[in-house]
Every structure is written in structure tokens, then in C-alpha cells.
Amino acid sequence: MNSRRKFLQTSLLGGVITGSSDFWSRIALQFDKPEKDTFPAVIATWGPNLKANAAAWEVLSKGGRALDAVEAGVRVPEADPNDSSVGYGGFPDRDGNVTLDACIMDEFGNAGSVSFLQHIMHPISVARLVMEKTPHVMLSGEGALQFALSEGFTKENLLTDTARQAWEEWKKKSEYKPKINVERHDTIGMVAIDAQQRIAGACTTSGLAFKMAGRVGDSPVIGAGMFADNEVGGAAATGLGELVLRTLGSFLVVEEMRRGVHPQKAVEMVVKRIVRKYPGQVKENQVGFIALDKKGRHGGFGIHTGFNYVLYQRGENKVYEAGSLL
Ligand code: ASP
């Protein structure tokens, strides 16, 4: 090979290598240089979830793993009979059955999920075991229940008197109309970053009150109700699951953040996309997103006013009113 051609080839190769390593180190810098004390941190949908955040913080403040924090956090509303949209006390479907959806992701990108699960108070812990003990990501219905029982979970009646009464009341008209921001839209989505900058997320719900039997929402679908990527951050959704399912909303938020977009801008962009694509379906329905990035920066935004979220950071657990588009 003539020496000039050889020189060109090596220098070109050198350029490419230098160029690409510069590129990757810039990307790494962008995500790895957090502002002071921004993590550990934990964010969750809806104001009443301060207690859930506190349970997650308990794990994080002791140097625990983000995955353990989000599981501990969302177990709080799952066991709360007064929370009518998560776990025990959740409003039933139109046949009077409480059916639960949940998902979880760890810092390695592993994921586990359960949908249409009945009689088990802590679907999030079943989802975690699906992730850790099976070769699958998602178990549903009877199969999910059998798996939970084989793992030592016990069958319980999750329909409280209050939820039964609400259902009896609803049956009088049998009108299916999800309402904006009422307590039945209280799904908890949570994202945490721990002291070692590991990111995990969880989401759990009894879904829309008085839904059709068999209906599964966005919450157990990885990328819809929740998505976490350890290189970038995590996001979670609440509100009308059908709108989030059609847009894979949480995945989209994380992908915007991957491009370097601030979490607040990212959630706004995704809400705007939903409103633009489904103008006829957003007037009566709420969707809200929360996001937390690798630097510990956060964001929250909804279609309508009334969406709020909780953030525990720098030792403080606070409710934030999210901005909205409409
Ligand atoms: N996203 C949930 C679902 O559609 C409901 C909610 O967030 O309230 O099942």
C-alpha cells in the first residue's frame, strides 16, 4: 500500500476513534455530573403518596438499593384500605372483582410484571419475583396468582366495605365515566436513584374503577406505565391508561431524557404529543407523568390541572403541583 494512502487510513481511523471516544465521554459527563446532593432521591405520582416516599427514603437514606426502595415505597398504598386505586381497598371492576396490575425495573434493565392479578395484596412483590425467579417478564391472571401462591403469598379478600358500597352505588346507573383527578386515579408510579446512582422504578394499581372485566391498563406494561434505564433515568405515568399504552409514554419520556432533554421538558413533550394525537380523548381524561434523571433532576406534568407528585430529596419530602397543558 502506498504510504500516503496508509497514512490517510491510519489518521482517519485515529480521528474516528478519538472522535467517538470524545463523543462518549461527553455523553457520560452529561449524565454523570450531578448537581450537589441531588441523590439519593425518590419521586412518586400524587400528593397522598408522601408516606410511600418516606418508606422508600428509609431504604435510600441507609445506603440501600433503589430497587428495594421502590418496592418498599409502593407497598405502602398497596396495603392501605383507604387508597381506592391501589391494592387492598382498590375499587373493583364492573363485576365486583379487584384486579391488580404492577411492574418493576432494576438498574440492570431487568423487568418484572403482573397483570389481572386477584387476591394478592402486594402485586409489586410478585412482579419483583417474576423478574428475579422466572425467565419471563410478565405473568397474568390465574398464572400470576398460582405463581404468587407458590412463592408463599396468601390469598386475601381485597374488596373493602367502602369499595363494595361504591360499586353497588355505581351499578345503579352502570355508567362508565372515568373522572379527572378523583381519588380513583391514584396509581402510584415511583422512580428512585440511590446513593450509588443506581436507578429503579415501580408502578402498581387496581386500574380504572369499574373497568370491563379483563381490562389491563398501562401500569404493568414496561415502557407504558413505567420505564427505567440506569444510563439515563426513569419515568412513570398515571391517568387514563389507554392513552399511555398507545404512546408508550414512560419509554418516550426516558428517550427524550436520553437525548439530553431536562426531565421537566421531557414530560411536557410527551403530554403534548398525547394531546396532539388524541384531541378528542383528552378533554375528559387526565394523564400525568413524573420523571427523574441520572443527575437527580426531576419533572412532573399533566394534561389537566390537579396532578401533583411527591419528591424526597436532600432530606425533604415535598408535594409539587405539576404544571398542565389544558
Ligand atoms: N393508569 C391507570 C390505569 O389506566 C389508572 C390510574 O392511573 O389511575 O389502569
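Residues numbered from 1 in each chain as written. Predicted model: local features only at pLDDT ≥ 70, side-chain atom pairs only at ≥ 80, totals over all residues. Heavy atoms only, no water.

Asks: Would you take a moment to explain the overall build of the protein for this structure?
Replies: Helices and strands together make up the secondary structure of the protein, namely 9 helices and 13 strands. In the protein, which comprises 326 residues, the share counted as buried stands at 54%. Long-range pairs, those at least 24 residues apart, make up 66% of the contacts in the protein between residues at least 6 apart in sequence. When the accessible area of the protein is evaluated, it comes to approximately 14,300 Å², of which 54% is carbon and sulfur surface. (Helix = DSSP H or I, 4+ residues; strand = E, 2+ residues; numbered from the N terminus. Buried < 20%, exposed > 50% of the residue type's maximum accessible area, 1.4 Å probe, protein only. Contact = heavy atoms within 4.5 Å. Areas by Shrake-Rupley, 256 points an atom, 1.4 Å probe, with all protein chains shown as cover.)

Asks: Would you mind showing me how to read the side chain of Thr38 here?
Replies: In this structure, Thr38 sits in the loop between α1 (3–32) and β1 (41–45). You can call Thr38 buried: its relative accessible area is 3%. Reaching out from Thr38, the side chain makes a polar contact with the backbone oxygen of Lys295 at a distance of 2.5 Å. Once you skip the residues sitting within four places of it in the chain, Thr38 turns out to touch Lys295, Gly296, Gln313 and Arg314. (Polar contact = N/O pair within 3.5 Å; in protein donor to acceptor, adjacent residues only side chain to side chain.)

Asks: So what exactly am I meant to see when it comes to the confidence of the model for the protein here?
Replies: Do not read the predicted coordinates in detail wherever pLDDT is low. Per-residue confidence for the protein averages 90 on the pLDDT scale, and 87% of its residues sit at or above 70. Within the model, the stretch residues 1–19 combines pLDDT values under 50 with 2 contacts to residues more than four positions away or in other chains. (pLDDT = per-residue confidence, 0-100.)

Asks: Is there a simple way to think about the pattern of salt bridges in this case?
Replies: Any two side chains of opposite charge can pair, given that their charged atoms come close. Summed over all chains, the structure comprises 18 salt bridges. A salt bridge links Arg215 to Glu242, with the nearest nitrogen and oxygen atoms 2.8 Å apart. Taken together, the residues Arg215 in the loop between β6 (199–205) and β7 (226–229) and Glu242 in helix α7 (residues 241–247) connect sequence positions 27 residues apart. Given a relative accessible area of 13%, Arg215 falls into the buried group. Judged by relative accessible area, Glu242 falls into the partly exposed class, the value being 26%. Within the structure, one salt-bridge network assembled from shared partners comprises Asp68, Glu71, Arg128 and Glu132. (Salt bridge = Lys/Arg side-chain N within 4 Å of Asp/Glu carboxyl O.)

Asks: Help me understand the sheet that holds strand β8 (residues 233–239), please; the structure alone is not making it clear to me.
Replies: Strand pairing in a sheet is mediated by backbone hydrogen bonds. Such pairs are either parallel or antiparallel. Spatially, 5 strands are ordered β7-β8-β9-β10-β13 in an open sheet, and the strand pairing comes out mixed. Taken across any chain shown, the strands that pair with only one partner, and hence form the sheet edges, are β7 and β13 (323–324). Relative to β13, strand β10 (residues 298–302) runs parallel, the two sharing 2 bridges. Paired with Gly302 across the two strands is Ser324, which belongs to β13. Of the strands in this sheet, β7, β8 and β9 (287–293) are in contact with helix α8 (residues 249–258), which crosses β8 at around 145°. Across the sheet, helix α9 (residues 263–277) touches β9 and β10, and the angle it forms with β10 is around 20°. (Pairing = 2+ DSSP bridges. Axes fitted to C-alpha atoms, helices over the stretch in contact; angles between N-to-C directions.)

Asks: What's the story with the packing of helix α3 (residues 66–78) against helix α4 (residues 123–133) in this structure? I'm lost.
Replies: To characterise two packed helices, one gives the angle between the axes of the helices and the distance between these axes. Where α3 contacts α4, the two axes come as close as 8 Å, and the packing angle between them is 150°. Accordingly, the angle class assigned to the pair α3 and α4 is roughly antiparallel. On the side of α3, the interface is formed by Leu67, Asp68, Glu71, Val74, Arg75 and Glu78, while α4 contributes Pro123, Ile124, Ser125, Arg128, Met131 and Glu132. When grouped by side-chain class, the residues that make up the contact of α3 with α4 number 5 nonpolar, 1 polar and 6 charged. (Parallel < 35°, antiparallel > 145°, perpendicular 65-115°, else oblique. Nonpolar A, V, L, I, M, F, W, Y, C, P; charged D, E, K, R; others polar.)

Asks: Honestly, the nonpolar core in this entry has me stumped. Any pointers?
Replies: A general tendency of soluble globular proteins is for nonpolar side chains to be buried together. Residues Val253, Ile274 and Phe289 are the most contacted members of the largest nonpolar core, which totals 46 residues. Leu60, Ala69, Ala200 and Val310 belong to the second-largest nonpolar core, a separate cluster that totals 36 residues. (Core = buried A, V, L, I, M, F, W, Y, C linked by side-chain atoms within 4.5 Å.)

Asks: In this structure, what is going on with α4? I would like to understand it.
Replies: What sets the pattern is the α-helix's 3.6 residues per turn: residues three or four places apart point alike. Most of α4 is tucked away, with 9 of its 11 residues classed as buried. The set of residues buried in α4 consists of Pro123, Ile124, Ser125, Val126, Ala127, Arg128, Leu129, Val130 and Met131. Tucked into the core, α4 has its buried residues touching α3, β2 (100–105), β3 (111–117), β4 (138–140), α5 (141–150) and β6.

Asks: Got a minute to help me understand the site of the ligand in this structure?
Replies: Close to the ligand lie 13 residues; Thr187, Arg215, Asp218, Thr238 and Gly239 are nearest. Within the contact set of the ligand, an oxygen atom lies 2.7 Å away from a side-chain nitrogen or oxygen of Thr187. At a separation of 2.9 Å, an oxygen atom of the ligand approaches a polar backbone atom of Gly241. Burial of the ligand by the surrounding chains reaches 100%, relative to a free accessible area of 270 Å². Its residues placed into classes, the shell around the ligand shows 1 nonpolar, 8 polar and 4 charged. (Near = heavy atom within 4 Å.)

Asks: Explain the sheet that holds strand β12 (residues 316–321) here, please?
Replies: Overall, mixed pairing links the 8 strands, which are arranged β4-β3-β2-β6-β5-β1-β11-β12 in an open sheet. Each end of this open sheet is capped by a strand with a single partner; those strands are β4 and β12. Taking each pair of neighbouring strands and ignoring which way they run, the sheet shows an average axis angle of 10°. When β2 meets β3, the two strands line up antiparallel, connected through 5 bridges. Looking across to β3, one finds that Cys103 is bridged to Ser113. Its contacts with the sheet place helix α2 (residues 50–61) against β1, β5 (188–193), β11 (308–313) and β12, and it is angled at close to 155° to β1.

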